[in-house]
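Each chain, letter by letter, is given below.
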There are 2 protein chains.
Amino acid sequence: MDSRKKSTTTLKDVANAAGVSLGTASKVMAGAEGVSPARRQQVWDAARQLGYRRNSLAAELRSSRSTSIGFVVPDLTNSFFIELLCVVEDHALASGYRLLLAHAQEDPEREAERIRFVLSRQVAGMIIIPCHGYAHAIDELRECDVPLVMADRVDNSFPANTVTTDSRRAARDGTDHLIALGHKRITFIVNALDLVNSRERADGYMDAMKRAGLERHARVVVCGMTDTESHAATLGLLSERERPTALFTGANVATLGALRAIRDAELRLPDDVSLLSFDDAPWMSVLHPRISSIHQPVEAVGRAIWQLLHKQLEGEASEPVHLRMKADLRVRESTAPPGRTTGKGSKDTATAQQNAGRARKRTALAERE
Amino acid sequence: MDSRKKSTTTLKDVANAAGVSLGTASKVMAGAEGVSPARRQQVWDAARQLGYRRNSLAAELRSSRSTSIGFVVPDLTNSFFIELLCVVEDHALASGYRLLLAHAQEDPEREAERIRFVLSRQVAGMIIIPCHGYAHAIDELRECDVPLVMADRVDNSFPANTVTTDSRRAARDGTDHLIALGHKRITFIVNALDLVNSRERADGYMDAMKRAGLERHARVVVCGMTDTESHAATLGLLSERERPTALFTGANVATLGALRAIRDAELRLPDDVSLLSFDDAPWMSVLHPRISSIHQPVEAVGRAIWQLLHKQLEGEASEPVHLRMKADLRVRESTAPPGRTTGKGSKDTATAQQNAGRARKRTALAERE
DNA sequence: TTGAAAGCGCTAACAT
DNA sequence: ATGTTAGCGCTTTCAA
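Notes on the structure in this doc start here. It should be emphasised that the depicted structure is a prediction, and the values quoted were computed from it without experimental measurement. (Residues numbered from 1 in each chain as written. Chains lettered and ligands numbered in written order. Predicted model: local features only at pLDDT ≥ 70, side-chain atom pairs only at ≥ 80, totals over all residues. Heavy atoms only, no water.)

**Digging into the protein's contact with DNA strand D**
Part 1 of the reasoning: In the vicinity of DNA strand D lie 27 residues, with Leu11, Tyr52 and Arg65 of chain A together with Ser36 and Arg62 of chain B positioned nearest.
Part 2 of the reasoning: Take the atoms of DNA strand D that sit within 4 Å of the protein: sugar and phosphate atoms are 62% of them.
Part 3 of the reasoning: Within the backbone of Asn55 of chain A, a nitrogen or oxygen atom sits 3.2 Å from a phosphate oxygen of DNA strand D.
Part 4 of the reasoning: A distance of 2.7 Å separates a phosphate oxygen of DNA strand D from a polar backbone atom of Ser21 of chain B.
Part 5 of the reasoning: Every element with two or more residues in the surface near DNA strand D is listed here: helix H2 (22-30) and helix H4 (56-63) of chain A together with helix H2 (22-30) and helix H4 (56-63) of chain B.
Part 6 of the reasoning: Top element by residues in the surface near DNA strand D is H4 of chain A. It accounts for four residues.
Part 7 of the reasoning: In terms of residue class, the surface near DNA strand D is built from nine nonpolar, twelve polar and six charged. (Near = heavy atom within 4 Å. Polar contact = N/O pair within 3.5 Å; in protein donor to acceptor, adjacent residues only side chain to side chain. Helix = DSSP H or I, 4+ residues; strand = E, 2+ residues; numbered from the N terminus. Nonpolar A, V, L, I, M, F, W, Y, C, P; charged D, E, K, R; others polar.)

**Here we look at the interface of chain B and chain A**
Part 1 of the reasoning: Facing 51 residues of chain B, the contacting portion of chain A comprises 50 residues.
Part 2 of the reasoning: Inspection of the region where chain B meets chain A yields ten salt bridges.
Part 3 of the reasoning: Put simply, Asp90 of chain A and Arg110 of chain B hold a salt bridge, and the shortest N to O gap is 3.1 Å.
Part 4 of the reasoning: Across the chain B-chain A interface, the total number found is 16 residue pairs in polar contact (both at pLDDT 80 or more).
Part 5 of the reasoning: Within the residue set of the side of chain B that touches chain A, elements represented by two or more residues are H4, helix H5 (79-94), strand E2 (98-103), helix H6 (108-120) and helix H11 (252-264) of chain B.
Part 6 of the reasoning: With seven residues, H6 of chain B is the single largest residue contributor to the side of chain B that touches chain A.
Part 7 of the reasoning: Partitioning the side of chain B that touches chain A into residue classes produces 22 nonpolar, eleven polar and 18 charged. (Contact = heavy atoms within 4.5 Å. Salt bridge = Lys/Arg side-chain N within 4 Å of Asp/Glu carboxyl O.)

**Observations regarding the packing of H4 of chain A against H4 of chain B**
Part 1 of the reasoning: Contact pair H4 of chain A / H4 of chain B: the axes reach a minimum separation of 9 Å and the direction vectors enclose 125°. In terms of orientation, H4 of chain A and H4 of chain B fall into the oblique class. Considering how the two elements wind past one another, H4 of chain A and H4 of chain B form a crossing that is left-handed. Contacts between H4 of chain A and H4 of chain B involve Leu57, Ala58, Glu60 and Leu61 of chain A from the former and Leu57, Ala58, Glu60 and Leu61 of chain B from the latter.
Part 2 of the reasoning: Here the contact of H4 of chain A with H4 of chain B is built from residues that sort into six nonpolar, no polar and two charged. (Axes fitted to C-alpha atoms, helices over the stretch in contact; angles between N-to-C directions. Parallel < 35°, antiparallel > 145°, perpendicular 65-115°, else oblique. Left-handed = near helix turned anticlockwise from the far one by under 90°.)

**Description of the pairing of strand E8 (residues 246-249) of chain B**
Residues and elements named next belong to chain B.
Part 1 of the reasoning: Burial along E8 is two-sided: Ala246 and Phe248 facing one way and Leu247 and Thr249 facing the other are all buried.
Part 2 of the reasoning: Sheet topology note: the strand E6 (residues 186-190)/E8 ladder contains four bridges and is parallel. In the sheet register, Ile186 faces E8, and the bridge partner there is Ala246.
Part 3 of the reasoning: Two strands pair when backbone bridges link them, and E8 and strand E9 (residues 274-278) are joined in this way by four bridges, in the parallel orientation. Paired with Thr249 across the bridge in E9 is Ser277. (Buried < 20%, exposed > 50% of the residue type's maximum accessible area, 1.4 Å probe, protein only. Pairing = 2+ DSSP bridges.)

Right under this line is the structure:
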């Protein structure tokens, strides 16, 4: 027998104090019909006085109804996901739901674990932005029938509702912009090609290069999920004899690493090299030069995600819907016609090559420690 | 009576399928002692086969033990909080706890609601970074006795464990740096003075100004919590006849707004005006000029928060502890000696004034729409 | 309108 | 080592 004085006031305590039955007290707290104003007041008073706080775990267990929505996000460092999270949360709160956030940290194992966790908390629905190697994620969801919306890193082949940006088209537009400026050696730096949207971005880039007859200059460099990796990859690129005249980074995080590498190589943007970023961020338009980027329609994506999920929560089952939003190119100052100094063998190139090489060595050394 | 075919497999189903009792099955799932290997296997097999997923709500309800920690954060847009969140989460996961994130969006009402929500989910402990007007927050916590750690926007007068950065000292150091460069008209731009740490930052700034005999030049401008507000405030500052030669922004978000304003005024950093940012961010060291900033020790703060909380979770009650970490000044390129062009009445000043004035009007117009 | 009673899925103390 | 049983705090029939 438990002899500890229990510290939490339960609904039963409130009912006792108010002199009503447990059931009545429950109705009052739930704001349900069929309780006289007098009793209603008694219960409220008692609750306030005892400092009652409902145990929503118990409530949800008993009613098997949940108002939590799991939101599985791969990387909180990426401002696009943060913004999306905020947008979705606003919609969710407005409809009476709360988000249960799960951070996968770009790790598939962790993602699978997070999904299991969220599911074990009996969420009413799930929103998942899968990470690299999402097969795990899908497996976890096989035999579970909670309403689900997957976003961003998915495509129309998913057996679930999806909301995405038209990455292929946006990447094509971006590449066209660079080509129109006169660039030929345009390199696409992408985090991982087994990320559906990254793959699409790479495809869009290839589309444009091919169409412009620049196939032999086309080059896709896979750099990994972190800015450290992107930094290293870009440094490698910049220390080549015939370095690209333009870089097109396939994601937010890659852009940061590339930018660091360009600094390390002591190259000037856009004179020595142009940079276009897939994914925008607030800071990109605030320092020099402002970074040209492809801006995803966060608001629209967030709204669509919630609409799709909400419809399912309301019980409207239907065939999976696939929504695709249009991104827009924001030309700023980091993209310009290729400079004259980038010709093979020019002095500047040699210097940049040296700088980049030195920076690579420094980095390698630092990592070894 | 409920006639729907229930879709979730419960532990009871597993027990039945395995031919063991509910209690035994429970022990197996909890990994407890005292079950023969044979039965253990049977249960695991049955669980796997039926696709059993434990209902952790029920488990926590019954055992009145929770492994969730509430984390109430004021602003997910601020990369400092995001980084802190990641650090804390790593520690928490390593100790077997999960975070339940609650976003207050710099709104005290919402914060209070979020705290109530988190509490109603029966968390084992709480970490709170309060927002502007945190009195609400404190009230919510009055009669609740979950282990609590408050961080960042608190001081030693709080009746709870706290972890903070020594803001006053850091702000003093930063101001000294600007003074040493030769600046006199240094303006401090701060989000809100009823935020304890912001107040401390302002105090540190005043300390340094006074000590240098620059009291008459000292000026603290309160701008509000958003970058939009900071943008407007800075624009105002820059359109003055005798504008400051150096700006010291009191927080991450304020820096972004100030930077935008500096751009709008077509001022060059650091030639026309110096800028020092309290709070660092990854992007600050990647474009031109690199922003000098005060870097808070996120790792240390996060670790300390978890240590304090974990100690309480383990039942070691003690008097509130107040931990204070040291931040470091990172001098980069946005701070330099005041330029010659900033003299009263010079052509450049007049131009900047015009630009800033125009930008203000544009902004005001845009807001009216 | 109100109260009594039967659980939600699980754990833990107690028997066996 | 295993099964039985009494709840955790709440919601929700069902009778009164």
